[in-house]
Number of protein chains: 2
Amino acid sequence: MRYFSALLLAGLLAGGPAARAQIAPAGPKTDSLNIRRIFDEALLRGQCYENLRYLTGTIGGRLSGSPQAQLAVEWGQRTMEKAGFDKVYLQEVMVPHWVRGPKERGEIIGNKGKSVPVAVCALGNSVGTSGKLRAGVVEVHSLDELKKLPDAAVKGKFVFFNRPFDDALIEPGQAYGAAGDQRRSGPAEAGRRGAVGALVRSLTSARDDNPHTGTTQYAAGAPQVPGAALSTLAADRLSLLLKADPSLKFELEMGCQMLPDVKSYNVVGEIRGSKFPQEIITVGGHLDSWDLAQGAHDDGTGVTQSMEALRLLHAAGLKPERTVRAVLFMNEENGTRGGNEYARLAQANKETHLAAIESDGGGFTPRGFAMQGSSEVQRKIAAWAPLLRPYHAADIMPGHAGTDIEPLEAAVHPKALIGYDCDSQRYFDIHHTTADTFDKVNRRELELGAGSMAALIYLLAKYSL
Amino acid sequence: MRYFSALLLAGLLAGGPAARAQIAPAGPKTDSLNIRRIFDEALLRGQCYENLRYLTGTIGGRLSGSPQAQLAVEWGQRTMEKAGFDKVYLQEVMVPHWVRGPKERGEIIGNKGKSVPVAVCALGNSVGTSGKLRAGVVEVHSLDELKKLPDAAVKGKFVFFNRPFDDALIEPGQAYGAAGDQRRSGPAEAGRRGAVGALVRSLTSARDDNPHTGTTQYAAGAPQVPGAALSTLAADRLSLLLKADPSLKFELEMGCQMLPDVKSYNVVGEIRGSKFPQEIITVGGHLDSWDLAQGAHDDGTGVTQSMEALRLLHAAGLKPERTVRAVLFMNEENGTRGGNEYARLAQANKETHLAAIESDGGGFTPRGFAMQGSSEVQRKIAAWAPLLRPYHAADIMPGHAGTDIEPLEAAVHPKALIGYDCDSQRYFDIHHTTADTFDKVNRRELELGAGSMAALIYLLAKYSL
Ligand SMILES: [Zn+2]
Ligand SMILES: [Zn+2]
């Protein structure tokens, strides 16, 4: 084991017990010491890990419109009320209500009667199969390749989209972006071409038997055919068997359906600014999660870190000069209705929004923040990097901030949208699968993230932009 | 999920498929493209993950002197021979041979006859208990506190060292350093004071029932009493029960013992430098591991990454101008005999060592490198950071390099000793426990580490220091 000598690390770490002793008495505080105080609170008396344990273990998966989503709303409100924020309230919003139905079934059926059950799940928003749906399979690797196929090759078949993640990309999120059109638009395009359904390779570079769900979108007025995700092992197997037996059949059975919209809520908690209460800083994650698992990294971590960020400021005695809001957004996964409603209300109420931060890339070890804003604003934020470097959260770079806060841009023009950025290598191994569970979250990684977010809010609330 | 647009990331990432296409043809290469080629090889055709699967799953724990350690030596030699290095050879070294014996047993025995079995394991190098050892317990939180106790409070008892990790420290490795004297010297100091044994709180901030083993050292000529690690939950429990019942007893049973030294080996693989073959760059990890688990993160990852680093240079067609050696060191855990012998031979053979790199902090996501060397040399290495930034491996800072390469310093004065530095939050959750298994290692994290190490070797071999 490499060891760490106190001497070598003295310049590297913003103090331990010694620094803590120094900041105990009242008096002028430097930002560096105040941020150290935030991290002390996060690491020594943090609450987000236990909050996450409750959310994931007791409520679990909480897709929009489900009874669990309602329980999560009540839990979020209760938890922020207990934390002693100045104001906690709900924002009503109508959300889609898609239900998976009984566990899905998929089977490869060879011409010699040999049949291989494989791991599948319905894509979110998909229609069901109305009983068993059996058809041939045509494999493609892109929407473009499908376009070039003659009608006869597609009609009456399953289109099997099998383009894998590009493993050479350093950010798995970029590989997700590059492969994602197959899931989002594959079933719609397959239906348009006369296919009976779409089978989509799971969006991951992990090789295992967990199918990854996620939203698919139908075009208005176009035919709607069922869309299912295959686990990567199932996709590899189907591809291999197709090569040997191009006329094999696939049988799919899914009982999912879209029900009428349901009333739900964003949950908002506020600490009122001591000097500029009209200027608002939002920090949030999404409260809904796919039904398959517990929604731990997606996005229980973002939700509990956002609430914790406010609590850390409060508990560390750092009353912000500007108003800080933790927002638990409803319906990021299959509609973004909560994010849209939050922005609509901000505009209708003529609110002034300084900045918004979102945590929706998992609860792993911090790297820093991804920013959208003018280059002047980006420079200002990047200048805070030295304060975050002791916590390895100093990579402050241009990038996508987050889906839920994006609607704020057009509605109220905040100076910056900021995404919490953390180590991303493990996220897509479990994203939208049954494996996205509490045990995958490391307590300290989660707490360091909450500390990083609180530190940035502290700086935004003090210095504006 | 935050997404990554190709546009936003264009400046951030050193290319994906497009960049790969550019470097295919022969012609002048930039360092940036050559390093991208190394990472392509690591991520698309990497072998270290499958090598690690074999080492951990088929051979498993491989403490110095054990039959498994011998199997690991043979595996290392075979694997490097297959990889096509210029030369693969063994360096003979005598190593300690400590054996754990049957599974240890620990029990808290209350005065009202109530008994609570708790999770314990012997510390490495400890003597056994010769049957059941039952005695009272005195709790302390430091070696200093033990010093101040009157003899009567210690004599005939177990000394229970219960100082926890300081969770406020950002680097768990620093907390390990700060708490580690209890394990290393606790049993020796307890014996010196007339105690019958030492119980040491496991060196971790995780709260679970995995006891963490690790080396303890007896002083020459001083009494040797058994030293055991308690899981953190067991330590918490014992502390709580002691408060209620200070005269409770603890019963320990351990059959461990130190046997005579055994012949073993370092395994060395070389790619000979094309221009300056006499100048050597070493990269290594330790082949031995504690017997309790599979030795995955400690240090199967370092061993497989070191072999992979050479293979990556070879496979990417980047023949180094200086000689590069992968060294699988024997006996880091309880003696450092392999590291000492490697340095002794280097000196005896009048070798010129430019630099040595060690990976022994786990196989997690890269952060960068920790350096020991003159400030001029450190500046030179740090100047390469921009080339490593696309891989998040650009934190190049002063720090401890590694236990196995440290003896080189006095023996042959390399210009730099360098430790591979990766995310450290999860390492001590599993360090030296039964939980240090293959499934805790993420394929891409491991490969990114091997790529980072190979990139640094590429630069060292090209530019010297
Ligand atoms: Zn080690
Ligand atoms: Zn999400």
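Think of each chain on its own: its residues are numbered from 1, step by step along the sequence as written. Whichever chain is written first becomes A and whichever ligand is written first becomes 1, with later ones labelled in order. This being a predicted model, a pLDDT of at least 70 is required before a residue's local features are given, and a value of 80 or more before pairs of side-chain atoms are given or counted; all residues contribute to the totals for chains, interfaces and linings. Note: side-chain values were computed over all heavy atoms of the structure, leaving out hydrogens and water.

Draft legend 1. Inspection of the coordination of the zinc ion (ligand 2) at higher detail. Residues and elements named next belong to chain A. Each metal's donors are the N, O and S atoms found within 2.8 Å of it, except that Na, K and Ca use a 3.2 Å limit; water is left out, so coordination can look incomplete. For the zinc ion (ligand 2), the protein coordination sphere consists of H286 (NE2), D298 (OD), D360 (OD) and D360 (OD), at 1.8 to 2.7 Å. Mapped onto the polypeptide sequence, the residues donating to the zinc ion (ligand 2) form the spacing pattern H-x11-D-x61-D. Placement of the pair is D298 in helix α11 (residues 296-315) and D360 in the loop between β13 (352-358) and β14 (366-373), with a sequence separation of 62 residues. Throughout this description, buried means an accessible area under 20% of the type-specific maximum (1.4 Å probe, protein chains only), exposed means over 50%, and partly exposed covers the range between. In this structure D360 comes out as buried when scored by relative accessible area, which is 0%. Helix and strand definitions here come from DSSP, where helices need a minimum of 4 consecutive H or I residues and strands a minimum of 2 consecutive E residues; each element is numbered from the N-terminal end.

Draft legend 2. Expanded view of the coordination of the zinc ion (ligand 1). Coordination of the zinc ion (ligand 1) by the protein involves B:H286 (NE2), B:D298 (OD), B:D360 (OD) and B:D360 (OD), with metal-donor separations of 1.8 to 2.7 Å. Between 85 and 135 degrees for all angles marks four donors as tetrahedral; over 155 degrees for opposite donors together with 65 to 115 for all other angles marks four donors as square planar and six as octahedral; every other arrangement is irregular. Viewed at the metal, the 4 donor atoms of the zinc ion (ligand 1) are separated by angles of 51 to 149 degrees, and the geometry they form is irregular.

Draft legend 3. Broad picture of the environment of A:K275. Residue placement: A:K275 occurs in the loop between β10 (257-271) and β11 (276-286). Along the sequence, A:K275 and A:T323 sit 48 residues apart, while their C-alpha atoms lie 8.9 Å from each other.

Draft legend 4. Structural detail: the relation of the copies chain B and chain A. The operation relating chain B to chain A is a screw motion whose rotation component is 180 degrees, with 0.0 Å of axial translation and a residual RMSD of 0.0 Å. Here the symmetry operator amounts to a two-fold rotation axis. Contacts were defined at the residue level, with two residues in contact if any of their heavy atoms lie within 4.5 Å. When the interface residues of chain B are mapped onto chain A, 100% of them again lie at the interface, so the same face is used by both copies. To superpose the copies, least squares is applied to the C-alpha atoms of every residue with a pLDDT of at least 70 in both.

Draft legend 5. Molecular detail of the side chain of A:T215. Residue and element names in this part refer to chain A. Along the chain, the position of T215 falls in the loop between β7 (197-201) and β8 (227-230). A distance of 2.6 Å separates a polar side-chain atom of T215 from the backbone oxygen of E333. In this structure, T215 is in contact with G124, N125, R183, R184, W290, E333 and N334, ignoring residues within four places of it in sequence. Whenever a nitrogen or oxygen atom comes within 3.5 Å of another N or O atom, the pair is scored as a polar contact, on the condition that within protein one atom can donate a hydrogen and the other can accept it, and that pairs from neighbouring residues in sequence are kept only if both atoms are in side chains.

Draft legend 6. Molecular detail of the domain arrangement of chain A. Residues and elements named next belong to chain A. Boundaries between domains were set according to an automatic or database domain assignment. For chain A, the assigned domains are domain 1 (6-97 + 260-463) and domain 2 (101-255). Between the C-alpha centres of domain 1 and domain 2 the distance comes to 35 Å. Counting from both sides, the interface comprises 15 residues of domain 1 and, opposite them, 20 residues of domain 2. A 1.4 Å probe defines the accessible area here, and the buried area is the portion of it lost by two parts on being joined, summed over both. Of the roughly 1,200 Å² buried at the junction of domain 1 and domain 2 (both faces included), carbon and sulfur atoms supply 54%. Salt bridges are identified by distance alone: a Lys or Arg side-chain nitrogen within 4 Å of an Asp or Glu carboxyl oxygen. Here domain 1 is connected to domain 2 by 1 salt bridge. The salt bridge partner of R367 is E171, with a shortest N-O separation of 3.1 Å.

Draft legend 7. Looking closely at the interface of chain B and chain A. Contacts between the two partners involve 61 residues from chain B and, on the opposite side, 61 residues from chain A. Between chain B and chain A the total buried area reaches about 5,500 Å² when both faces are included, carbon and sulfur atoms providing 53% of it. Across the chain B-chain A interface, the total number found is 6 salt bridges. Note that B:R443 is salt-bridged to A:D167, the shortest N-O span being 3.4 Å. Linking chain B to chain A there are 26 residue pairs in polar contact (both at pLDDT 80 or more).

Draft legend 8. Structural context of helix α5 (residues 67-82) of chain B. Residue and element names in this part refer to chain B. Compared with the 22 Å implied by 1.5 Å per residue over 16 residues, the 23 Å span of α5 between its first and last C-alpha is a close match. By the burial criterion, the buried members of α5 are A69, A72, V73, W75, G76, T79 and M80. Looking down the long axis of α5, one finds its buried residues gathered within 170 degrees of arc, a one-sided arrangement. Away from its buried face, by an angle of more than 90 degrees, α5 presents the exposed residues P67 and K82. One less than the residue count of a helix, multiplied by 1.5 Å, gives the span that helix is expected to have. By construction, the arc corresponds to the directions joining the helix axis to the C-beta atoms.

Draft legend 9. Focus on the sheet that holds strand β15 (residues 395-398) of chain B. Residue and element names in this part refer to chain B. By the convention used here, strands pair only if DSSP detects at least 2 bridges between them. With respect to topology, 8 strands assemble into an open sheet ordered β1-β10-β12-β11-β13-β16-β14-β15, the strand pairing being mixed. Only two strands of the sheet have a single partner each, and these edge strands are β1 (87-99) and β15. Between one strand axis and the next, the sheet turns by 20 degrees as a mean value, whatever way the strands run. Alignment of strand β14 (residues 366-373) against strand β16 (residues 416-422), held across 7 bridges, turns out to be antiparallel. Each bridged residue has a counterpart across the sheet, and for G368 the counterpart in β16 is D421. Against the sheet, helix α11 (residues 296-315) engages β10 (257-271), β11 (276-286), β12 (322-329) and β16, with an angle of about 150 degrees to β11. Together, β11, β12, β13 (352-358), β14 and β16 form the strand contacts of helix α17 (residues 443-463), whose direction differs from that of β14 by roughly 40 degrees. Only C-alpha atoms enter the line fits that serve as axes; for helices the fit covers just the stretch in contact. Angles between N-to-C directions range over 0 to 180 degrees.

Draft legend 10. Region of interest: the pattern of salt bridges. Residues and elements named next belong to chain A. Summed over the entire model, instances satisfying the criterion amount to 64 salt bridges over all chains. With a shortest N-O distance of 3.1 Å, E253 and R105 are connected by a salt bridge. In this pair, E253 sits in strand β9 (residues 249-253) while R105 sits in strand β2 (residues 105-109), placing the two residues 148 residues apart along the sequence. Among the residues examined, E253 registers a relative accessible area of 28% and is labelled partly exposed.

Draft legend 11. Spatial organisation of the packing of aromatic side chains. Note on aromatic pairs: the rings of Phe, Tyr and Trp (six-membered ring only in Trp) are paired at centre separations within 6.5 Å, and the planes decide the class, stacked below 30 degrees, edge-to-face beyond 60, tilted for the rest. Counted under the stated rule, the structure contains 20 aromatic pairs over all chains. With a centroid separation of 6.3 Å and 85 degrees between ring planes, the pair formed by A:W98 and A:W290 is classed as edge-to-face. On the criterion of sequence distance, the pair formed by A:W98 in strand β1 (residues 87-99) and A:W290 in the loop between β11 and α11 is long-range, its members being 192 residues apart. Residue A:W98 shares its accessibility class with A:W290, and that shared class is buried. Each ring, one from B:F329 and one from B:Y342, has its centre 5.5 Å from the other, and the planes form 90 degrees; the classification is edge-to-face. With B:F329 in strand β12 and B:Y342 in helix α12 (residues 337-348), the pair connects residues that are 13 residues apart, well separated along the chain. Of the residues examined, B:F329 reaches a relative accessible area of 0% and is grouped as buried. Three or more aromatic residues link up through ring pairs in this structure, and these residues are A:F165, A:Y176, A:Y427 and A:F428.

Draft legend 12. Representation of the pairing of β8(A). Residues and elements named next belong to chain A. The two faces of β8 match: G227 and A229 on one face and A228 and L230 on the other face are all buried. Where strand β4 (residues 120-122) lies against β8, 3 bridges are found, and the strand directions are antiparallel. Within the sheet, the bridge partner assigned to V120 lies in β8 and is L230. The sheet contact formed by β7 and β8 spans 4 bridges and is parallel. Pairing of V200 across the sheet is with A229, part of β8.

Draft legend 13. Molecular detail of the packing of helix α4 (residues 48-59) of chain B against α11(B). Residue and element names in this part refer to chain B. It is at 9 Å that the axes of α4 and α11 come closest, and there the two elements cross at 135 degrees. Here α11 runs oblique to α4, going by the angle between their axes. The way α4 lies across α11 gives a crossing that is right-handed. For the pair formed by α4 and α11, the contact residues are C48, N51, L52, L55 and T56 on the first element and A296, G300, T301, V303, T304, Q305, M307 and E308 on the second. By residue class, the composition of the contact of α4 with α11 is 6 nonpolar, 6 polar and 1 charged. In this scheme, roughly parallel covers angles under 35 degrees and roughly antiparallel covers those over 145, while 65 to 115 is roughly perpendicular and the rest are oblique. In a left-handed crossing the near helix is turned counterclockwise from the far helix by less than a right angle, and in a right-handed crossing that turn is clockwise. Residue polarity follows a fixed list, in which Ala, Val, Leu, Ile, Met, Phe, Trp, Tyr, Cys and Pro are nonpolar, Asp, Glu, Lys and Arg are charged, and the others, Gly among them, are polar.

Draft legend 14. The environment of B:L459, seen in detail. Residues and elements named next belong to chain B. Note on placement: L459 falls in helix α17. C-alpha of L459 to C-alpha of L387: the two residues are 72 residues apart in sequence and 9.7 Å apart in space. Setting aside its immediate chain neighbours within four residues, L459 contacts D31, I35, W384, L387 and S464.

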